[in-house]
Amino acid sequence: MTSPFEKNPSMTEPQSPSYPPAEPPPSPEELEAAAAANEADALAQLANVQAEADALKAKVAELTDQAMRAQAEAQNARRRADDEIAKVRKFAVESFAESLLPVIDSLEAGLKVENASAEQLREGTEATLRQLQAALERNKVVAVDPPAGAKFDPATQQAISMVPSEQAPNTVAGVLQKGYTIADRVLRPALVTVAAPK
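Described in the following lines is the structure provided in the data block. (Residues numbered from 1 in each chain as written. Predicted model: local features only at pLDDT ≥ 70, side-chain atom pairs only at ≥ 80, totals over all residues. Heavy atoms only, no water.)

## Overview of the nonpolar core
The nonpolar side chains of soluble globular proteins are, as a tendency, buried together. As a reminder of what qualifies: Note on terminology: a nonpolar core comprises buried Ala, Val, Leu, Ile, Met, Phe, Trp, Tyr and Cys residues joined through side-chain atoms within 4.5 Å. Burial classification: accessible surface area is computed with a 1.4 Å probe over protein chains only, and a residue below 20% of its type maximum counts as buried, one above 50% as exposed, and the rest as partly exposed. Under the DSSP-based scheme used, a helix requires at least four consecutive residues in state H or I and a strand at least two consecutive residues in state E, with every element numbered from the N terminus. Any two residues whose heavy atoms approach within 4.5 Å at even a single point are treated as in contact.
Val144, Val172, Ala190, Val192 and Val194 form the largest nonpolar core, which has 5 residues in total. No other element matches the 3 residues that strand E6 (residues 190-195) contributes to this core. Apart from the residues within four sequence positions on either side, Val192 is in contact with Pro146, Phe152, Gln157, Gln158, Ala159, Ile160, Ser161, Val172, Gly174, Val175 and Leu176.

Structure follows, in structure tokens:
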């Protein structure tokens, strides 16, 4: 029997961990070389950052120039459009006035006739009215003159009153005054009477 103080061969003594052999401290030349390498890397990174900054500044300048040119072009286009609109308005009125000149000529010619009969005056007036209507139609001025029984349209007609009628309710019973539109825009609504509900 073995004593508890005797060594048991199956038990091993704890071993101390093994460390790699320590490297010797770097020499001053190695430290200087490492510092120089770090400084070179830092300078290279700084040069890269500076180059990127310069490239970005150039891009910003280019984009600013493009934006200013686009803004100037937009202002020029707006100015040209305003000039064109002013010209169109001016010449549209000029064209309209020119189309009315034959009507004035006819009226003046009719006034120069002395001792005209009632029938001659009527014929001249009707011819002048046709000239005026043609001039208005050429300039897209169209009469609004709904027939009796047509459905009342509040967009182009104004009801003056409701009258008892045999017609369907809310239809035009009569026209008191024609209306006019110009290019689908109402200049004056037609004044109408409307059939009352039965």
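## So, the sheet that holds strand E5 (residues 185-188)
Heads up, the rule is: Here the rule is simple: two strands pair whenever DSSP picks up at least two bridges between them. For every element, the axis is a line fit to its C-alpha atoms; helices are fit only across the contacting stretch, and the angle between N-to-C directions ranges from 0 to 180 degrees.
In spatial order, the strands read E1-E4-E5; together these 3 strands make up an open sheet with antiparallel pairing. Of all the strands in the sheet, the pair left with one neighbour each is strand E1 (141-144) and E5. For this sheet, the mean inter-axis angle between neighbouring strands, taken without regard to orientation, is 35 degrees.

## Details of the pattern of salt bridges
Stated formally: Any carboxyl oxygen of Asp or Glu that lies within 4 Å of a side-chain nitrogen of Lys or Arg is treated as forming a salt bridge with it.
Summed over all chains, the structure comprises 3 salt bridges. Of the charged contacts in the structure, one is a salt bridge between Arg69 and Asp65, with a shortest N-O distance of 2.9 Å. Here the residue Arg69 and the residue Asp65 both occupy positions in helix H1 (residues 28-112), the gap between them amounting to 4 residues, near one helical turn. Looking at Arg69, the relative accessible area reads 58%, which means it is exposed. Between Glu73 and Arg80 there is a salt bridge; the shortest N-O distance is 3.1 Å.

## Some thoughts on the packing of H1 against helix H2 (residues 118-138)
Operational definition: To sort the angles, those under 35 degrees are grouped as roughly parallel, those over 145 as roughly antiparallel, those from 65 to 115 as roughly perpendicular, and the leftovers as oblique. Residue type decides the class: Asp, Glu, Lys and Arg count as charged, Ala, Val, Leu, Ile, Met, Phe, Trp, Tyr, Cys and Pro as nonpolar, and the leftover types, Gly among them, as polar.
Contact pair H1 / H2: the axes reach a minimum separation of 9 Å and the direction vectors enclose 180 degrees. On the basis of the axis angle, H1 is roughly antiparallel to H2. For the pair H1 and H2, the contacting residues are Phe96, Ser99, Leu100, Pro102, Val103, Ser106 and Leu107 in the first and Thr128, Gln131, Leu132, Ala135, Leu136 and Arg138 in the second. When grouped by side-chain class, the residues that make up the contact of H1 with H2 number 8 nonpolar, 4 polar and 1 charged.

## What about H2?
An α-helical turn contains 3.6 residues, so any two residues separated by three or four positions project in the same direction. We apply this condition: One less than the residue count of a helix, multiplied by 1.5 Å, gives the span that helix is expected to have. Directions drawn from the helix axis to the C-beta atoms are what define this arc.
With 21 residues, H2 extends 30 Å from end C-alpha to end C-alpha; this agrees with the ideal 30 Å at 1.5 Å per step. Buried residues of H2: Thr128, Ala135 and Leu136, and no others. Buried positions in H2, seen along its axis, are confined to an arc of 95 degrees and lie on one side of it. Exposed and facing more than 90 degrees away from the buried side of H2 are Glu119, Arg122, Arg130, Glu137 and Arg138. Where H2 is buried, its residues touch H1 and E1. Where H2 ends, the next residue or the one after it, Lys140, has phi of about 65 degrees, a positive value.

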